[in-house]
Amino acid sequence: MTSFVVIPARLASTRLPRKMLLDETGKPLIQHTYEAAAQATKPAGVCVACDHEEILLAVERFGGRAILTSPKAQSGTDRVAEVARSMREVDIFVNVQGDEPEIPPEAIDQVIDLLERTAEAEVATLAAPIRERERLADPACVKVVCDGQGFALYFSRSVIPHPREWDDSFLQADPPIFLQHIGLYAYRREYLLQIPHLPSPTLERVEKLEQLRFLYHGARIAVGLIPSPTCGIDTPEDYRRFVANYRARYNRP
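Residues numbered from 1 in each chain as written. Predicted model: local features only at pLDDT ≥ 70, side-chain atom pairs only at ≥ 80, totals over all residues. Heavy atoms only, no water.

(A) Local environment of the nonpolar core. Core analysis: the biggest nonpolar cluster contains 39 residues, and Ile7, Val48, Ile55, Val94, Ile108 and Leu184 have the highest contact counts within it. Elements with a minimum of two residues in this core: strand 1 (3–9), helix 1 (29–38), strand 2 (46–50), helix 2 (53–61), strand 4 (92–95), helix 4 (105–117), strand 5 (123–129) and strand 8 (179–188). For this core, the leading source of residues is helix 4, giving 6 residues. Leaving out residues up to four positions away in the same chain, isoleucine 108 has contacts with Val5, Ala37, Ala40, Pro43, Val94, Val96, Ile103 and Leu184. (Core = buried A, V, L, I, M, F, W, Y, C linked by side-chain atoms within 4.5 Å. Buried < 20%, exposed > 50% of the residue type's maximum accessible area, 1.4 Å probe, protein only. Helix = DSSP H or I, 4+ residues; strand = E, 2+ residues; numbered from the N terminus. Contact = heavy atoms within 4.5 Å.)

Next comes the structure, spelled out in C-alpha cells:
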C-alpha cells in the first residue's frame with residue numbers, strides 16, 4: 001500500500017499564538033515536525049496542509065511541500081481529507097500534528113504498518129502506558145480502552161477504566177491498565193473522505209474528542225502500543241522545554 005504523511009497546520013492558536021512559526025531554535029516549529037516525519041521509512045512523502053500563506057511560505061523556504069487548504073476547515077482531519085481528495089494514488093494517509101516536533105519517525109512507520117495488516121480497521125492510532133497518577137488524572141491526557149483484539153472501545157478525558165478502589169500497583173501493571181492516546185492517526189483514504197460528512201455526536205461535543213465520532217458511526221480503530229508518549233507543544237512552557245532540549249542535544253547556545 002502507498003502511504004503519505006499530511007501535517008495539518010493553522011496559524012491561529014489560543015494558548016500559544018503563531019506557534020507553527022516560532023523559531024527560537026533557528027527553525028520554525030513546523031520545520032522540526034516536517035523533518036522528523038520525513039525520517040519515517042514507509043511513507044512515500046510528506047506535505048503540510050495549512051490555512052495561511054505565511055505557513056505556506058515558511059515551509060517552501062526550507063524546501064518542504066505545502067498545500068493551502070480552506071480556512072473554513074473545522075479540524076486538522078478536514079485538512080488532511082482535502083489533500084486526500086486530490087491524491088487518488090495514495091491508500092493510507094497519516095495525520096501528524098504540526099506541533100509534534102519530537103514525533104518518533106518509527107511511530108509513523110508503526111501506525112502505517114498496523115493499518116496495513118489490520119484489514120478490519122478503517123483507522124489506526126497509538127497509545128502509551130500511563131505510569132503516573134497525576135498524568136492519569138489530567139483531563140488533557142486523553143485515555144483509551146481497548147478490546148481483546150486491540151480495537152478501541154472508548155476514548156475519554158476521564159480516568160478509564162475507573163477503579164472502584166484505588167491501588168498504586170495499578171500504575172505498574174503489565175500489560176498496562178491505563179493507556180494515554182497518542183494523537184497520531186493513519187486512515188484508509190476511502191474512510192478519510194467520509195469523515196467531514198459524518199454528523200458530530202453528543203459524545204464528541206461533550207468530550208471534545210473527534211475520534212469519538214469515528215466510533216459512534218461504527219468505524220474500527222486499531223490501537224498500537226509505544227513505550228512512552230510523545231510531547232506536543234501546546235503552551236509557552238512546552239515550547240521553552242523543547243527549545244532547551246534542542247539546544248542541549250545539539251550543543252547550541
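(B) Summary view of helix 2. What helix 2 keeps buried is the set Ile55, Leu56, Ala58 and Val59. In a view along the axis of helix 2, the buried residues occupy a sector of 165°, so they form one face of it. The secondary structure elements touched by the buried residues of helix 2 are strand 1, helix 1, strand 2 and strand 3 (66–68). Note on helix 2: the residue one or two positions beyond its end, glycine 63, has a positive phi of about 90°. (Arc of directions from axis to C-beta.)

(C) Layout of the environment of alanine 49. Residue placement: alanine 49 occurs in strand 2. What makes alanine 49 buried here is its relative accessible area of 0%. The spacing of alanine 49 and tyrosine 250 is 201 residues in sequence and 29 Å in space, taken between C-alpha atoms. Other than its neighbours up to four places away in sequence, alanine 49 contacts Val6, Ile7, Pro8, Ala9, Ile67, Thr69, Arg79 and Val83.

(D) A look at unusual backbone geometry. Note the cis peptide between isoleucine 160 and proline 161, where omega equals -10°. For proline 161, the position within the fold is in the loop between strand 7 (152–156) and strand 8. Note that the residue after aspartate 174, namely proline 175, is joined by a cis bond; omega there is 5°. Secondary-structure assignment places proline 175 in the loop between strand 7 and strand 8.

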